[in-house]
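Residues per chain are reported as follows:
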Amino acid sequence: LPEISELVKKSAMAIALYETVTDIPAYLEKYQTGVDFFELAEKTASPDVHDLFSMLSKDENGNGQPDGIIPKEVYDEAMTVHRPALIELYKNYFEAQKVDAIVFPTTILPAGPIEGSVKTVEHNGQQLPTFETYIRNTEPSTIAGLPGITLPIGLTEAGLPLAIELDAAAGNDDHLLAIALAVEPLFDKLPAPILET
């Protein structure tokens, strides 16, 4: 799927960042949490998410709502042009290849310790943004709205989890769950994590 990278680049972050400042405040208000988006952004503990929320939570126009960083027209184009093209790309792939599921590593790197990898991680000798690196494999199908499931398949030498992702064509959720139930027994059950106290 060679076109996938360009379609994801034109849709994923535009959708995610725009909807963050529209949907999270609506959720917080609907469920009467007593917290607004600005307070949530300020109290977010994860440094990479805190930095992102700080950028999104500016209120330069003074209307009490986060301004965000994605213009509405960019979001609209992502939703009406690029996301539909991504959906069509997957639809055509599943039909042409006659496959029930796509199988791939959930992440391009195994899980790593949080310390020292909050903002960047090393991949192939380069320091790359942690968040984008870890979502790279799952982001395209998520934006396309495909059903997906992650199955743990083993542990690294450091005892951290490794996993595979199974994605199915849109609307095939039940079939994907059946495939996952058939595949899961092929891998040893993982031990419970050892928690430091």
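Residues numbered from 1 in each chain as written. Predicted model: local features only at pLDDT ≥ 70, side-chain atom pairs only at ≥ 80, totals over all residues. Heavy atoms only, no water.

## Overview of the overall build of the chain
- Scanning the chain from N- to C-terminus turns up 7 helices and 5 strands.
- Each helix and strand of the chain, ordered N terminal to C terminal, gives the series α-α-α-α-β-β-β-α-α-β-β-α.
- Across its three principal axes, the chain shows a C-alpha extent of roughly 55 × 50 × 40 Å.
- Among the 197 residues that make up the chain, the fraction classed as buried is 30%.
- Averaging the positions of the 12 positive and the 31 negative side-chain charges in the chain gives two centres separated by 4 Å. (Helix = DSSP H or I, 4+ residues; strand = E, 2+ residues; numbered from the N terminus. Buried < 20%, exposed > 50% of the residue type's maximum accessible area, 1.4 Å probe, protein only. Lys, Arg positive; Asp, Glu negative; His and termini not counted. Charge placed at Lys NZ, Arg CZ, Asp CG, Glu CD.)

## Regarding helix α7 (residues 173-183)
- Along α7, the residues classified as buried are L176, I179, A180 and V183. End-on, the buried residues of α7 take up no more than an arc of 100°, which puts them together on one face. Away from its buried face by more than 90 degrees, α7 exposes D174, L181 and A182.
- Close packing links the buried residues of α7 with β4 (148-155) and β5 (161-167). (Arc of directions from axis to C-beta. Contact = heavy atoms within 4.5 Å.)

## Some details on the packing of helix α1 (residues 4-30) against helix α3 (residues 47-56)
- One can describe the packing of α1 onto α3 by two numbers: an axis separation of 11 Å at closest approach and a directional angle of 75°. Comparing the axis directions of α1 and α3 gives the class roughly perpendicular. Taken together, the residues of α3 that come into contact with α1 (itself represented by L17, T20, V21 and I24) are L52, F53 and L56.
- Classifying every residue of the contact of α1 with α3 gives 6 nonpolar, 1 polar and no charged. (Axes fitted to C-alpha atoms, helices over the stretch in contact; angles between N-to-C directions. Parallel < 35°, antiparallel > 145°, perpendicular 65-115°, else oblique. Nonpolar A, V, L, I, M, F, W, Y, C, P; charged D, E, K, R; others polar.)

## A short note on the confidence of the model for the chain
- This prediction gives the chain a mean pLDDT of 91; 98% of its residues lie at or above 70.
- When the elements of the chain are averaged for pLDDT, α3 gives the smallest value, 83, and α7 the largest, 98. (pLDDT = per-residue confidence, 0-100.)

## Quick word on the environment of T80
- Examined against the element boundaries, T80 turns out to sit in helix α4 (residues 72-97).
- On a C-alpha basis, the gap between T80 and S11 in space is 9.7 Å, while along the polypeptide they are 69 residues apart.

## Considering the sheet that holds β5
- Ordered by their spatial adjacency, 3 strands build an open sheet running β1-β5-β4, and the pairing between neighbours is antiparallel. Of all strands in the sheet, those bounded by a partner on one side alone are β1 (102-105) and β4. Strand-to-strand twist in this sheet, taken as the mean axis angle between neighbours without regard to direction, amounts to 25°.
- As judged from the 4 bridges shared by β1 and β5, these two strands associate in the antiparallel manner. (Pairing = 2+ DSSP bridges.)

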